[in-house]
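Notes for the structure review
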Amino acid sequence: MFLINIDFQKCKACGYCIQVCPNKVLAAGSELNEKGYAVTIPERLDKCVGCSMCATVCPEAAIEILKSKTTPQERNAR
Amino acid sequence: MELEYVYKRPSAISSEADGYCPGCLHSTANRIIAEVLDEMDAVGRTIAVFPVGCAVLSAGYFLTDMTIAAHGRAPAVACAIKRCRPDRLVFTYQGDGDLAAIGMCETIHTANRGENITVIFINNSIFGMTGGQMAPTTLIGQASTTGGPSRNPDEVGYPFKMCELINQLEAPKYIARFALDSVPHIREAKKGIKRAFSIQMNGGGYSFVELISNCSTNWKTTPLKSLKFMREKMIPYYPLGEFRKPEEEE
Ligand SMILES: Cc1ncc(C[n+]2csc(CCOP(=O)(O)OP(=O)(O)O)c2C)c(N)n1
Ligand code: SF4
Ligand code: SF4
């Protein structure tokens with residue numbers, strides 16, 4: 001399971017990450033940051049495979065990707 | 001829940017880094033240079049030389065030592081620094097107006113002397129900071145405020161291919177052109193920057209890395225459409241690849 005952290009103040013809504021994601025995890029958001037950009041959101045996080053293509057194209061280095069070491073069994077147990 | 005990073009923001013970039021337009025690939029260039037500096041554990045022994053142009057905004061990005069040169073003179077300043085501190089990783093970071101117009105003399109002579117520095121050249125085919133004037137690299141048919149709606153070679157000549165020009169000289173050790181438009185190209189570019197820095201740190205000599213970039217603001221388009229322009233117009237005119245590399249690397 002992966003976590004996508006998009007730095008709310010750093011994103012400039014260029015749309016590169018949304019276009020490059022093979023699983024359509026990311027989507028244009030509607031909330032504006034201090035600079036007035038509509039920050040991108042990881043809308044379908046469950047579809048993320050952790051390929052890090054979004055982070056590779058993000059000019060602002062706004063995207064960090066984390067992987068949880070939780071096993072599927074642990075997750076099901078919750 | 002235990003977490004591990006798949007991708008972490010490079011520590012060589014300041015947390016306050018900002019300044020470029022949305023989608024400007026100057027920022028991507030900075031990011032991959034920072035990743036390489038992190039991987040080489042070189043932040044504390046690097047001196048960057050920034051130019052005049054939007055490229056100077058990078059001075060706010062890196063946590064390395066740095067200086068800013070007069071327009072076009074970054075390679076001359078970098079030579080002086082490197083000759084005084086040969087143990088340091090010294091690179092210049094220059095746009096096409098800076099490197100190929102006002103700084104053409106310094107660019108060529110530094111390469112010709114084979115100075116042991118790395119020149120990183122951001123080719124976005126236009127003057128960014130001053131509002132879209134024609135650069136030496138503006139494509140035939142491309143619009144600019146000083147070249148009109150379509151660059152006409154009968155009036156203003158043809159766009160310079162800087163890698164090919166420098167490849168005529170004896171001394172340079174590494175000459176390569178990459179692009180920043182896609183995941184595979186960005187990964188290649190990062191490898192090339194790392195190769196250039198490694199050659200320098202091994203005392204190998206002059207390296208020149210051109211990065212095909214964008215300027216959606218002055219191209220008067222959107223970031224996503226600017227990638228299309230790079231793929232359809234720029235890369236066909238400026239072919240990607242390693243023009244020269246040290247023998248042991250081949
Ligand atoms: C000696 C001198 N001449 C002219 C200028 C004005 N000037 C500032 S930036 C620039 C062009 C920079 O374009 P480029 O190198 O392509 O960089 P970019 O902005 O695209 O990164 C010019 C001509 C200056 N600052 N100093
Ligand atoms: S690539 Fe980066 S800056 Fe651009 S929309 Fe995605 S998170 Fe925001
Ligand atoms: S004007 Fe062009 S080169 Fe300068 S920051 Fe904006 S997009 Fe980048």
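See the structure above.
This section reports on the structure supplied with the text. (Residues numbered from 1 in each chain as written. Chains lettered and ligands numbered in written order. Predicted model: local features only at pLDDT ≥ 70, side-chain atom pairs only at ≥ 80, totals over all residues. Heavy atoms only, no water.)

**Comments concerning the packing of aromatic side chains**
Residue and element names in this part refer to chain B. Under the defined criterion, the tally for this structure stands at nine aromatic pairs over all chains. Residues Phe 50 and Phe 62 carry aromatic rings whose centres are separated by 6.1 Å and whose planes lie at 20 degrees to one another, so their mutual orientation is stacked. Taken together, the residues span a long stretch of sequence, with Phe 50 in strand 2 (residues 46–50) and Phe 62 in the loop between strand 2 and strand 3 (65–68) at a distance of twelve residues. Phe 62 matches Phe 50 in its accessibility class, with the two residues each being buried. By way of ring pairs, the aromatic residues Phe 50, Phe 62, Phe 91, Tyr 93 and Phe 197 are connected into one cluster. Over the face of the ring belonging to Tyr 5 we find Lys 8, whose NZ or CZ atom lies 5.0 Å from the ring centre. Sitting above the plane of the Tyr 237 ring, Lys 161 keeps its charged end 4.4 Å from the centroid. (Phe/Tyr/Trp six-rings, centres within 6.5 Å; stacked < 30°, edge-to-face > 60°. Helix = DSSP H or I, 4+ residues; strand = E, 2+ residues; numbered from the N terminus. Buried < 20%, exposed > 50% of the residue type's maximum accessible area, 1.4 Å probe, protein only. Lys NZ or Arg CZ within 6 Å of the ring centre and 35° of its normal.)

**Thoughts on the nonpolar core**
Residue and element names in this part refer to chain B. Ile 33, Leu 37, Tyr 93, Ile 120, Ile 193, Phe 197 and Leu 211 are the most contacted members of the largest nonpolar core, which totals 55 residues. Those elements that provide at least two residues to this core are helix 1 (25–39), strand 2, strand 4 (89–95), strand 5 (118–123), strand 6 (174–179), helix 7 (183–201), strand 7 (207–212) and helix 9 (223–237). Sequence-distant contacts of Ile 120, that is, excluding residues within four places in its chain, are made with Ile 33, Phe 91, Thr 92, Tyr 93, Gln 94, Ile 193, Phe 197, Val 209 and Leu 211. Core analysis: the next-biggest nonpolar cluster, separate from the first, contains 21 residues, Ala 69, Val 90, Ala 111 and Phe 208 among them. (Core = buried A, V, L, I, M, F, W, Y, C linked by side-chain atoms within 4.5 Å. Contact = heavy atoms within 4.5 Å.)

**Details of the site of ligand 3**
Taken together, Tyr 20, Cys 21, Cys 24, His 26, Cys 54, Asn 124, Gly 128, Cys 215, Thr 217 and Asn 218 of chain B form the complete shell of residues around ligand 3. Of the residues in the shell around ligand 3, the class split is five nonpolar, five polar and no charged. (Near = heavy atom within 4 Å. Nonpolar A, V, L, I, M, F, W, Y, C, P; charged D, E, K, R; others polar.)

**Focus on the interface of chain B and chain A**
Across the contact, 32 residues belong to chain B and 31 residues belong to chain A. For the pairing of chain B and chain A, the buried interface totals around 2700 Å² over both sides, and the portion due to carbon and sulfur atoms is 58%. Taken together, chain B and chain A are joined by three salt bridges. Measuring nitrogen to oxygen at the nearest pair gives 3.5 Å for the salt bridge that ties Asp 18 of chain B to Lys 35 of chain A. The tally of links from chain B across to chain A stands at 15 residue pairs in polar contact (both at pLDDT 80 or more). Of all the elements, strand 1 (residues 3–7) of chain B adds the most residues to the side of chain B that touches chain A, at five residues. (Buried area = accessible area lost by both parts, 1.4 Å probe. Salt bridge = Lys/Arg side-chain N within 4 Å of Asp/Glu carboxyl O. Polar contact = N/O pair within 3.5 Å; in protein donor to acceptor, adjacent residues only side chain to side chain.)

**Side note on the state of the cysteines**
Residue and element names in this part refer to chain A. The tally for this structure, following the rule as stated, stands at zero disulfides over all chains. For Cys 51, which is in no disulfide, the shortest distance to another cysteine sulfur is to Cys 21 and amounts to 6.1 Å. On the basis of relative accessible area, Cys 51 is assigned to the partly exposed category, the value being 35%. (Disulfide = S-S within 2.5 Å.)

**Regarding unusual backbone geometry**
With the exception of glycine, most residues fall at negative phi, and the peptide bonds are largely trans. Residue and element names in this part refer to chain B. Even without a glycine there, the phi angle at Asp 41 is positive, about 50 degrees. Classification of Asp 41 by relative accessible area gives exposed; the value is 65%. Even without glycine at this site, Ser 125 takes up a positive phi of about 60 degrees. Among the secondary structure elements, Ser 125 is positioned in the loop between strand 5 and helix 5 (153–156).

**Looking at the pairing of strand 4 of chain B**
Residue and element names in this part refer to chain B. The buried fraction of strand 4 is high, at seven of seven residues. Here strand 4 shows a buried face lined by Leu 89, Phe 91, Tyr 93 and Gly 95 and a second buried face lined by Val 90, Thr 92 and Gln 94. As defined by bridge partners, strand 2 adjoins strand 4 across four bridges and the pair is classed as parallel. The partner of Val 49 across the bridge, within strand 4, is Thr 92. Summarising the sheet, strand 4 and strand 5 pair through five bridges and their orientation is parallel. Each bridged residue has a counterpart across the sheet, and for Tyr 93 the counterpart in strand 5 is Ile 120. (Pairing = 2+ DSSP bridges.)

**As for helix 2 (residues 74–84) of chain B**
Ala 74, Pro 75, Ala 78, Cys 79, Ile 81 and Lys 82 of chain B are the residues of helix 2 of chain B that are buried. Summarising the contacts, the buried residues of helix 2 of chain B are in contact with strand 2, strand 3, strand 4, helix 4 (104–113) and helix 7 of chain B.

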